[in-house]
Amino acid sequence: MSEIRVRFAPSPTGYLHVGGARTALFNWLFARKVGGKFILRIEDTDLERSTKAATETILQGLTWLGLDWDEGPYFQTENIELHRKRAYQLVESGSSYRCFCTKQELDAKRKEAEANKVAYKYDGTCRRLSKSEIDAKLAENRPFVIRFAVPQDGQAVTWNDLVYGEQVKQHSDIEDFVMIRADGSPLYILSNVVDDADQRVTHVVRGQDGLPNTPKQILIYKALGEPVPNFAHLPLILDNSRAKLSKRFHGDVVMVSFYQERGFIPDALLNFLALLGWSPGMDREIFSRQEMIELFSFEGVNRSNGVFNFRKGDERNWTDPKALWMNAEYVSKTDLTTLLPMVIEEFKSRGMWREEYEKEKAEWFAKTVDLLRARYRTLVDFPTLGRAYFEDDFTYEDAAVSKNLKDPLLKELLPALAERFAALEFFTLETTEEALRKLAEESGIKAGLIINGARTALTGQSVGPGMFDVIVTIGQKRCVERLKKAAQLIS
RNA sequence: GGCGCAUUGGUGUAGUCGGUUAACACGCAGCCCUCUCAAGGCUGAGACCACGGGUUCGAGUCCCGUAUGCGCUACCA
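Rules used throughout
Residues numbered from 1 in each chain as written. Chains lettered and ligands numbered in written order. Predicted model: local features only at pLDDT ≥ 70, side-chain atom pairs only at ≥ 80, totals over all residues. Heavy atoms only, no water. Helix = DSSP H or I, 4+ residues; strand = E, 2+ residues; numbered from the N terminus. Buried < 20%, exposed > 50% of the residue type's maximum accessible area, 1.4 Å probe, protein only. Salt bridge = Lys/Arg side-chain N within 4 Å of Asp/Glu carboxyl O. Pairing = 2+ DSSP bridges. Axes fitted to C-alpha atoms, helices over the stretch in contact; angles between N-to-C directions. Core = buried A, V, L, I, M, F, W, Y, C linked by side-chain atoms within 4.5 Å. Contact = heavy atoms within 4.5 Å.

A. Expanded view of the side chain of R373. Inspection of the secondary structure assignment puts R373 in the loop between α14 (362-372) and α15 (387-390). Exposure remark for R373: the relative accessible area of 8% places this residue in the buried category.

Structure representation (structure tokens):
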């Protein structure tokens, strides 16, 4: 059994989007599972639209996701000579031919067919050209394209798609497609096959939009005398109105880089993407990379298109709620030692990182992250929602202030609490709680009033971890200062 | 228009060879816990398995048709 080889072959015409990431993921999972090779090939033959920046973005995205490739990146443009050579080889062998029809002629025929409501298919005019006719046109320097001569034998192309099962396509339904343009450049349909053959790809795993041109490609493989690879087509990802996901319409949510910016953990995104179109067939949804690798199979891939459940303009659910939930799971369940570097990175990129966090306050930092994580959904939440735990210049949320700092009694109580906190010799969960409850008791009011008032005074928010954890985390000195300061907020 | 693929609650999915009160998760609602919460616990609503015919004692599961959606239909990739 020879080596199994798969490839991810994006065209560098933009960012890496979630659909592409999922295709890459499935290729990667399969390769890792069977001990094969995962190849990266950049299909940059569309010179007009391909950019160096897009290639960078794609590589960066895959790297961030941890989808490491074993070979490449290969660039399709570097192989153009081979593509051309192979096409001419087919002309020699008679399975392809030069077509001198002009675009204008073809357009006219297409229009006519449309007007008559007949399916347009190239009529094979040039396929019937005699040797002398061809030589004559060549002598006149007439431009030509190279078309594949689809067998007219009433047979069909068949293959067993690993996801979609047995497929049959009649030769008569396939037109003599163009492989080489008049300017001599190869088309995707050809380049793709030649590169896959050249790179000895054994399994073509790609989006379902590649399904219709698979028969054509199989025809090319056969004419070239190359082994036909296995094909596995993946369902597409649509939006909730069943339209294709696009940057133009949906904005940044389709870009992998956006998830990185918004604080996603790569494993969480991968986990979510994997389940969008694949299921290991069990009542579990959280899988580590290793588990996904072990569990992956094409039989588990769904055949119907998946819906990316996201609504524009919902700030809280800025992407599919399930993706957010999954990321939250990862944020709160990932080993702290694994999570910490990611959080630290987040602080660094926001200029909130301090030397002491990796020295004398390293333990404090880790504990604080651990305390906050259960309520956070993304990495970004730590420096933003959690700002008050790390910086003194946090903001008081209006809603929190009006909810918890309403009672005039607090104007006296908060400073009083500050006094008692300041007097504490040991600042612990127990001592702070005792001090606070005692104050409440002596004042004849419910502890909750002071607790919630303190919450907003200390963090600017109305939600958070258990209050005494918050108090101890923020520390004696800062608690005292903030309690005094907050009293001024009360009218 | 032609060719192809698909169709289980709002979303993602499970339902091997036809016999289940159609399962799980997200989301949603309510309740509990509690010093708060977007955290945790519990409960619930929500699917006549697209529709119509068959086959069968019995179909989400098999067959045919229809509808709908999506893809392809380029000298784009």
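B. Focus on the pattern of salt bridges. In the structure shown here, the tally under the stated rule is 34 salt bridges. Of the charged contacts in the structure, one is a salt bridge between D123 and K109, with a shortest N-O distance of 2.8 Å. A residue pair is termed long-range when its members are at least 10 positions apart, and D123 in the loop between α4 (103-115) and α5 (131-139) and K109 in helix α4 qualify at 14 residues. Judged by its relative accessible area of 28%, K109 falls in the partly exposed class. For the salt bridge of D267 with R289, the shortest nitrogen-to-oxygen distance reads 3.0 Å. Of this pair, D267 sits in helix α10 (residues 266-275) while R289 sits in helix α11 (residues 289-295); the two residues are 22 residues apart in sequence, bridging distant segments of the chain. Overall, the relative accessible area of 19% leaves R289 in the buried class. Residues joined in a network through salt bridges with shared partners are R7, R41, E43, D195 and D196.

C. Up close: the sheet that holds strand β4 (residues 96-99). A sheet is described by the order of its strands in space; here three strands give the open sequence β4-β5-β8, paired in antiparallel fashion. The sheet is open, and its two edges are formed by β4 and β8 (178-180), each paired on a single side. When the angles between neighbouring strand axes are averaged without regard to direction, this sheet yields 40 degrees. Pairing between β4 and strand β5 (residues 145-148): four bridges, direction antiparallel. Residue pairing for β5: Y97 is matched across the bridge by R147.

D. Quick peek at the nonpolar core. In this structure, F26, I220, Y259, F365 and F421 are the most contacted members of the largest nonpolar core, which totals 135 residues. No other element matches helix α1 (residues 18-34), which puts nine residues into this core. Excluding its chain neighbours within four sequence positions, the residues that come into contact with I220 are L90, F148, F177, M179, I189, L190 and V193. Counting 11 residues, the second largest nonpolar core, distinct from the first, contains Y97, F100, C101 and C126.

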